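# Architecture and fold: a report
Letter by letter, the chains look like this.
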Amino acid sequence: MTTPSVLDTFLWVIVPYMALAVFVLGHIWRFRRDRFGWTTRSSQIYESKLLKVGSPLFHYGIIFVFLGHVIGLGIPKSWTAAVGVTDHMYHFMAISVGLGAAAATVGGLALLIYRRRTNRRVFGATTRLDKLMYLMLAVVILAGVYSTIFDSALGGYDYREGVSVWFRQFWMFQPDIALMAAAPIGFQVHVLSAILIFALWPFTRLVHVFAAPLGYITRPYIIYRSKDAQRQPAQRGWEQIDY
């Protein structure tokens, strides 16, 4: 294992903790100063055909990718071995399911980027931060696919004995820099670009992940228009009845 350098300390200790601080404080600032801007900035009104395909592909794909990362990074190798999951079983599931989810995510992201670039009205509603966000997402996803195939499946690197251990140590404020310094370049690019995404997160449309419309559950129904004038309701759904 290589001896960590000053650059390694900067990349795998200072940058991650700075990104975490920006992620937390940035969301607090955004919520207090730009609550009305806490939105996806939907462009469905401009184009919906490609969006109906690209958006579900990307979102469902990224959900499975996220769950896979939770298992791969958060659950120690000894725990899966204790319940009878062999290395072969684990890697087969990780590669087959993981690459399937990654393919859906990449396909959905490619459609969303194509839609923004080829539709003039959608592109006009795209900010510089949107462009940077899409670029960073592409780097994170493609680096993850590359490292899974070439570093892990073909190269034999077991990230659960390196990157995953560093990740869990990070949350205990005792990260072993040497683990990331010794990781293949594909995993380093994947992790570092993901860290930068979290630093960028509070200032982009990604904040909508934390905006659950819970009020929709109890909100009264709203009728916008009825084709039959004779079937108009006597009152609107949100009006009170006085007896």
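Because the structure is predicted, anything quoted here is derived from the model rather than measured.

## Remarks on the overall build of the chain
When its secondary structure is counted, the chain shows 9 helices and 0 strands. In sequence order, the chain lays out its α and β elements as α-α-α-α-α-α-α-α-α. Across the 243 residues in the chain, those meeting the buried criterion constitute 34%. Looking at the chain alone, contacts between residues at least 24 apart form 79% of all its contacts between residues at least 6 apart. For the chain, the accessible area works out to roughly 16100 Å², and carbon and sulfur atoms hold 67% of it.

## Details of helix α4 (residues 87-118)
Across its 32 residues, α4 extends 45 Å between first and last C-alpha, which sits within 8% of the 46 Å expected from 1.5 Å per residue. Those residues of α4 lying buried are Y90, A101, A102, T105, G108, L109, L112, R115 and R116. Along its buried surface, α4 packs onto α2 (49-74), α5 (120-124) and α6 (128-153).

## As for the packing of α6 against helix α9 (residues 185-200)
The angle between the axes and the distance between the axes are what describe a pair of packed helices. α9 packs onto α6 with a crossing angle of 155° between their chain directions and a minimal axis gap of 8 Å. Taken together, the axes of α6 and α9 lie roughly antiparallel to each other. Handedness of the crossing formed by α6 with α9: left-handed. The residue inventory of the contact of α6 with α9, partitioned by class, reads 15 nonpolar, 6 polar and 1 charged.

## Digging into unusual backbone geometry
In this model, F173 sits at a positive phi of 60°, which is unusual for a non-glycine residue. By the secondary structure assignment, F173 is in the loop between α7 (163-171) and α8 (177-181). F173 sits in the exposed class, given a relative accessible area of 64%.

## Re the packing of aromatic side chains
The tally for this structure, following the rule as stated, stands at 16 aromatic pairs. Between W29 and F203 the ring centres are 6.3 Å apart and the planes differ by 50°, which places this aromatic pair in the tilted class. Highlighted residues: W29 in helix α1 (residues 6-33) and F203 in the segment after α9, separated in sequence by 174 residues. Under the relative-accessibility criterion, W29 is labelled partly exposed at 45%. A ring pair is formed by Y157 and F187, whose centres lie 5.2 Å apart and whose planes are at 55°; its orientation type is tilted. Here Y157, found in the loop between α6 and α7, pairs with F187, found in helix α9; they are 30 residues apart in sequence, far enough to count as distant.

## Some points on the pattern of salt bridges
Close approach of charged atoms lets side chains of opposite charge pair. In the structure shown here, the tally under the stated rule is 7 salt bridges. Its salt-bridge partner being D130, residue R205 comes within 2.9 Å of it at the nearest N-O pair. Here the residue R205 occupies a position in the segment after α9, and D130 occupies one in helix α6, the gap between them amounting to 75 residues. D130 matches R205 in its accessibility class, with the two residues each being buried. Overlapping salt bridges bring together K77, D87, D158, R160 and E161 as one network.

## Some details on the environment of S42
Tracing the backbone shows S42 in the loop between α1 and α2. Take S42: its relative accessible area is 51%, and that puts it in the exposed class. Linking S42 and R205, residues 163 residues apart in sequence, is a C-alpha distance of 9.3 Å.

So, how was this worked out
Residues numbered from 1 in each chain as written. Predicted model: local features only at pLDDT ≥ 70, side-chain atom pairs only at ≥ 80, totals over all residues. Heavy atoms only, no water. Helix = DSSP H or I, 4+ residues; strand = E, 2+ residues; numbered from the N terminus. Buried < 20%, exposed > 50% of the residue type's maximum accessible area, 1.4 Å probe, protein only. Contact = heavy atoms within 4.5 Å. Areas by Shrake-Rupley, 256 points an atom, 1.4 Å probe, with all protein chains shown as cover. Expected span 1.5 Å × (residues − 1). Axes fitted to C-alpha atoms, helices over the stretch in contact; angles between N-to-C directions. Parallel < 35°, antiparallel > 145°, perpendicular 65-115°, else oblique. Left-handed = near helix turned anticlockwise from the far one by under 90°. Nonpolar A, V, L, I, M, F, W, Y, C, P; charged D, E, K, R; others polar. Phe/Tyr/Trp six-rings, centres within 6.5 Å; stacked < 30°, edge-to-face > 60°. Salt bridge = Lys/Arg side-chain N within 4 Å of Asp/Glu carboxyl O.

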